[in-house]
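Residues per chain are reported as follows:
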Amino acid sequence: YSIYLWRISMGKVSIIIEGKTYEYEKGTSFETIAQDFSKEHNGLIALVVFNGKIRELVKKADRDGTLEFITLKDSIGHKAYIRTATMMMLKAIYDVMGRENVKKVKIEFAIGAGYYCSIESDIKITDEIVKRVNERMNYMVIAAMPIIKKSYPLDDAVELFEKQGMQDKVKMMKFRRSSIVNVYALDGYYDYYYGFMLPDCSYVKYFNVFSYEKGFMLLLPERNEPEKLRVFEPREKLFNTLMQSTLLGEKMGIDTVGDLNNKICEGKIYDIIRVQEALQERRIAEIAQDIVDRKDVKFVMIAGPSSSGKTTFSHRLSTQLSTHGLTPHPIAIDNYFVNREVTPRDENGDYNFECLEAIDIKQFNQDMCDLLEGKTVELPYYNFKTGRREYKGNFLTLGKEDVLVIEGIHGLNDKMSYALPHESKYKVYISALTSMNVDEHNRIPTTDGRLIRRMVRDARTRGTSAKGTIQMWPSVRKGEEENIFPFQEDADAMFNSALVYELAVLKVYAEPLLYSIEPEDEEYFEARRLLKFLEYFLAVSSDKLPNNSICREFVGGSCFDV
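Residues numbered from 1 in each chain as written. Predicted model: local features only at pLDDT ≥ 70, side-chain atom pairs only at ≥ 80, totals over all residues. Heavy atoms only, no water.

Caption draft 1: Quick look at the nonpolar core. Grouped together as the largest cluster of nonpolar side chains are 138 residues, with contacts concentrated most on Leu317 and Phe533. Counting residues per element, this core draws most heavily on helix H3 (residues 75–97), which supplies 13 residues. Residue contacts for Phe533: discarding those within four places in its chain leaves Tyr194, Val438, Ile444, Ile452 and Leu503. Ranked by size, the runner-up nonpolar core spans 24 residues in total, among them Phe299, Ile359, Leu404 and Leu420. (Core = buried A, V, L, I, M, F, W, Y, C linked by side-chain atoms within 4.5 Å. Buried < 20%, exposed > 50% of the residue type's maximum accessible area, 1.4 Å probe, protein only. Helix = DSSP H or I, 4+ residues; strand = E, 2+ residues; numbered from the N terminus. Contact = heavy atoms within 4.5 Å.)

See the structure below:
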């Protein structure tokens, strides 16, 4: 104890890093400590965990503790890179175009590694403006402009954003419970971000801003390669689907979470639910009509990432097809899994149920071709408990009006249905493409909505804890990147299953699950991030949701077997 008092009096602190103890001057920044270890880590250090809490690098070591490093290859570090680059781009746009000439800049959605930003301005976006925005951002990098975090009383923060004309943030702050707001400043530009930031602009070396459609695209490195910019790959169908959803949200008067909360307070939420459900039903009916108009379609192939609501969608699409006199038959590609003992394994030695080789493609194509030729086929059932395919007398013969509605992650991949004639297939890509933002500069990643959906559903139907769902999420996402997203543009139709109100409903179910994750769990930081995210939403009861709603697939009470 006397040695400890002596060390404190000498202004020293002991920092344990990777099991070894190091002494630093009290008040040394975490950035300085990180620089001492930068060469030993795979990737630039973006943040630290000090005594179990995430800290930005500008913070200082003012006591003894244990320190861990977060790099740009970690999810939390990568998100900090995206936020910092976004703030730099916004600052550059205002500098180049003049704040008085820019009415609104909104970070809309992600297309691959690109982030589409819409802009309202009287000035036309030209190549020269785009060039100057990039140059301005590069100047910020070279100058290592600091990003300063300041804490404001809530009323002062609201006043600050009102002066800057950021009414979206003013609306959002109306529902904030905390009396303190953390605001980031960059060379006189102030903004709010939910999440951590990098200490200065020199950390954001890799980016590109280019004009796209009517706005900008901010291209950034992907998490697994933080020091490399990939060539941007346009995804026209995905972009158009997202833009359509954004425009519908604007017509409903719900552009941000603040707008949604206002509707809830005004007692209009159930009107919003009815309109949103009607819009989805209309889109499903349009897809059904397109299928009917293509006279030769016998196989409707539905694919999408986890928790997209594929099962409910396939039931509702089948209902719409029935109104045209067709007889739909659901088939799950999962029933064509190979037997467990021959299932491929991943690099960790675990069964890889996501890869194409986990499916008996040859048998699937044989059965489908036989059905197309008018033969009677006994369809398999996969027993997940025994890990074997079984046959239980499920015979099927396709008539003139029969159509197969086939659901599975490989549905869009032609290797899955290589033997089927092209004209006999109609491909549908479905995903929960969240178009609503927290505010204009804080987008809601579609993966967050799907993760919360899955967490709620798995807890209800499979007894899986939130910890377990978060733990398996990276492998789920890896499978999606490899087996679904590369084929989404091959779809004949895209369906956005996201509901503008759903996070307000899911909040009620998700929060208790997330609070069950303890500080010592590896999933704790992700749980706290999601809890902070859900704080922005006012809660809505699921009591008045239609029983055929896609949201019912996750919260329960569906009229379908989901």
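That shown, we press on.
Caption draft 2: Structural context of the packing of aromatic side chains. Counted by the stated rule, this structure contains 22 aromatic pairs. Between the aromatic rings of Phe37 and Phe69, the centroid separation amounts to 5.5 Å while the plane-to-plane angle is 40°, which identifies the pairing as tilted. Taken together, the residues Phe37 in helix H2 (residues 30–37) and Phe69 in strand E7 (residues 65–71) connect sequence positions 32 residues apart. For Phe69, a relative accessible area of 13% puts it in the buried group. The ring of Tyr94 has Arg99 lying over it, and the distance from NZ or CZ to the ring centre is 4.1 Å. The aromatic ring of Tyr351 is capped on one face by Arg345, whose charged end is 4.1 Å from the ring centroid. (Phe/Tyr/Trp six-rings, centres within 6.5 Å; stacked < 30°, edge-to-face > 60°. Lys NZ or Arg CZ within 6 Å of the ring centre and 35° of its normal.)

Caption draft 3: Structural detail: helix H11 (residues 361–372). The end-to-end C-alpha separation of H11 is 16 Å, in line with the 16 Å expected for 12 residues at 1.5 Å each. Against the buried residues of H11 lie strand E15 (299–303), strand E16 (327–332), strand E17 (376–383), strand E18 (388–397) and strand E19 (402–407). One or two positions beyond H11, positive phi appears at Gly374, with a value near 90°. (Expected span 1.5 Å × (residues − 1).)

Caption draft 4: Up close: the pattern of salt bridges. The tally for this structure, following the rule as stated, stands at 44 salt bridges. Its salt-bridge partner being Glu56, residue Lys149 comes within 3.4 Å of it at the nearest N-O pair. With Lys149 in strand E10 (residues 148–153) and Glu56 in strand E5 (residues 53–56), the pair connects residues that are 93 residues apart, well separated along the chain. Note on Lys149: relative accessible area 31%, which makes it partly exposed. Classification of Glu56 as buried rests on a relative accessible area of 5%. For Glu480, the salt bridge is made with Arg477, and the minimal N-O distance between the two is 3.1 Å. Taken as a pair, Glu480 and Arg477 lie in helix H13 (residues 466–483) at a separation of 3 residues, close to a single helical turn. Under the relative-accessibility criterion, Glu480 is labelled buried at 2%. (Salt bridge = Lys/Arg side-chain N within 4 Å of Asp/Glu carboxyl O.)

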